[in-house]
Amino acid sequence: MRVLDAEFIKGFIRLATDGFNQGWHERNGGNLTYRIKTEEVNSVKENFNTNNPWMPIGTTVKGLALEYFLVTGSGKFFRNVELDPEVNIAIIEIDELGEHYRILWGLCEGGRPTSELPSHLMNHEVKKQQTNGLHRVIYHCHTTNVIALTFVLPLTDEVFTRELWEMATECPVVFPDGVGVVSWMVPGGRDIAIATSELMKKYDVAIWAHHGIFCSGMDFDLTFGLAHTVEKSAEILVKVLSIRPDKLQTITTKNFRDLAHDFKVTLPEQFLYEK
Ligand code: 13P
Ligand code: ZN
């Protein structure tokens, strides 16, 4: 099969376009990676070029040895993924030590995978192990309102989770584990990858202060939907804070407990504090 005819490529491209249309991908902002299923690899492997050199990942991901990923290219614009996928995205393979990757398809005019590859792969490694292989998508986007909030709210998991939950009744159902927050760090390296993957052990969402968010999910719809829900909630909070500094009423701790009971979700006590 031609790579571009594969459903997983189409889903990846659709997410890129949807994210761009939301305004979360100025210039080359954001990146996306997908851990490809074995049967999907087999369906397109006749197109692979195995002559490219092995390159260092910049960290070690033993739990992803011999896995295949579809990734966005570093410096590539989400706007262009749909227009010219072969130039802007790539399929890569991880070596048996989890230390190197090589490009098998795509980035046909040159380039390398996203500079956030260490964060993506370390997140994938955590989520693959934790979800028994169910999570396959890691998505990084520059969500405007979440970023704005990182300038005015304390950078704690407790405050961000609780404030975002309060802004939309469905939020605790969509992300019952809450969200984690990483204080400002230099992007693109191993240190921020370690900090983010630590949070991914507890959450499906990690906020990077003054930068954006990382989301993990089983498929493209769920992962995009998660980012969309978090950002929508942040947008409501920005509006509320812009109208008046204090809320007149909100969803209370008791309301959250009632919701958790009826929707059969477990909300961590850490976020059910009295305010
Ligand atoms: P890349 O173009 O290397 O993916 O970087 C974009 C980005 O958002 C860095 O955090
Ligand atoms: Zn970024």
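Residues numbered from 1 in each chain as written. Chains lettered and ligands numbered in written order. Predicted model: local features only at pLDDT ≥ 70, side-chain atom pairs only at ≥ 80, totals over all residues. Heavy atoms only, no water.

A. Fine view of the site of ligand 1. In the vicinity of ligand 1, the contacting residues are N28, G29, G30, N31, S74, G75, T114, S115, E116, H140, H142 and H211. A distance of 2.7 Å separates an oxygen atom of ligand 1 from a polar atom in the side chain of T114. Between ligand 1 and H142 there is a distance of 3.0 Å, counted from an oxygen atom to a side-chain nitrogen or oxygen. Relative to its free-state accessible area of 310 Å², ligand 1 is covered by the protein chains to the extent of 91%. Residue classes in the shell around ligand 1 are distributed as no nonpolar, eleven polar and one charged. (Near = heavy atom within 4 Å. Polar contact = N/O pair within 3.5 Å; in protein donor to acceptor, adjacent residues only side chain to side chain. Areas by Shrake-Rupley, 256 points an atom, 1.4 Å probe, with all protein chains shown as cover. Nonpolar A, V, L, I, M, F, W, Y, C, P; charged D, E, K, R; others polar.)

B. Structural context of the layout of surface pockets. Put simply, the largest pocket is a space of about 220 Å³. In terms of lining, the largest pocket is formed by 13 residues, of which the most central are H135, V174, D204, S216 and L226. Going through the elements one at a time, β9 (212-217) and α10 (220-243) are the ones with two or more residues in the lining of the largest pocket. Tallying contributions element by element places α10 first for the lining of the largest pocket, with three residues. Taken together, the residues that form the lining of the largest pocket break down as six nonpolar, five polar and two charged. (1 Å grid on protein atoms, 1.4 Å probe; cavity = no way out; pocket = protein on both sides within 12 Å on 5 of 7 lines; lining within 4 Å. Points joined across faces, edges and corners; volume = space filled by probe spheres on them. Helix = DSSP H or I, 4+ residues; strand = E, 2+ residues; numbered from the N terminus.)

C. Broad picture of helix α5 (residues 117-130). The end-to-end C-alpha distance of α5, which contains 14 residues, comes to 20 Å, matching closely the 20 Å that a straight helix rising 1.5 Å per residue would cover. In terms of burial, α5 is largely enclosed, as ten of its 14 residues are buried. Looking one or two residues past α5, N132 carries a phi angle of roughly 60°, positive in sign. (Expected span 1.5 Å × (residues − 1). Buried < 20%, exposed > 50% of the residue type's maximum accessible area, 1.4 Å probe, protein only.)

D. Structural context of the coordination of the zinc ion (ligand 2). Distances from the zinc ion (ligand 2) to its protein donors, H140 (NE2), H142 (NE2) and H211 (NE2), fall at 2.1 Å. In primary sequence terms, the donor set of the zinc ion (ligand 2) follows H-x1-H-x68-H. A residue pair is termed long-range when its members are at least 10 positions apart, and H140 in strand β6 (residues 137-141) and H211 in the loop between β8 (205-208) and β9 qualify at 71 residues. As far as burial versus exposure is concerned, H140 and H211 are alike and both buried. (Donors = N, O, S within 2.8 Å, 3.2 Å for Na, K, Ca; no water.)

E. Fine view of the nonpolar core. Counting 64 residues, the largest nonpolar core has L70, I91 and Y139 as its most contacted members. One finds I57, F69, Y101 and I103 within the second-largest nonpolar core, a separate group that totals 15 residues. (Core = buried A, V, L, I, M, F, W, Y, C linked by side-chain atoms within 4.5 Å.)

F. Representation of helix α7 (residues 157-166). Of all ten residues making up α7, eight are buried, and the element is well covered by its neighbours. Taken as a whole, α7 has its buried residues at D157, F160, T161, R162, E163, L164, W165 and E166.

G. Geometry of the packing of helix α1 (residues 7-22) against α10. Running from N to C, α1 and α10 cross one another at 15°; their axes reach a closest spacing of 10 Å. Judged on the interaxial angle alone, α10 and α1 are roughly parallel. For the element pair α1 and α10, the recorded crossing hand is right-handed. Together, F8, G11, F12, R14, L15, D18, G19 and Q22 of α1 and F220, D221, F224 and H228 of α10 make up the contact between the two elements. The class makeup of the residues in the contact of α1 with α10 is five nonpolar, four polar and three charged. (Axes fitted to C-alpha atoms, helices over the stretch in contact; angles between N-to-C directions. Parallel < 35°, antiparallel > 145°, perpendicular 65-115°, else oblique. Left-handed = near helix turned anticlockwise from the far one by under 90°. Contact = heavy atoms within 4.5 Å.)

H. Expanded view of the pairing of β6. Across the five residues of β6, five count as buried, placing the element largely inside the fold. Residues V137, Y139 and C141 line one face of β6 and the alternating positions I138 and H140 line the opposite face, and both faces are buried. Pairing geometry for strand β1 (residues 31-35) and β6, over four bridges, is antiparallel. Bridged to T33 within β6 is I138. Bridge count between β6 and β9: five bridges; the pairing is antiparallel. In the strand pairing of β9, H140 is matched with F214. (Pairing = 2+ DSSP bridges.)

I. Local environment of the sheet that holds β9. The strand order across the open sheet built from nine strands is β2-β5-β4-β3-β1-β6-β9-β8-β7, with neighbouring strands paired in mixed fashion. Looking at the sheet topology across the chains shown, the edges are occupied by β2 (55-56) and β7 (180-182). Note: strand β4 (residues 89-94) against strand β5 (residues 100-106), five bridges, orientation antiparallel. Its bridge partner lying in β5, A90 is registered against G106. Set on the sheet, α5 makes contact with β1, β3 (68-72), β4, β5, β6, β8 and β9; between it and β1 the angle comes to about 35°. Packed onto the sheet, helix α9 (residues 190-200) meets β7, β8 and β9 and runs at close to 145° relative to β8.

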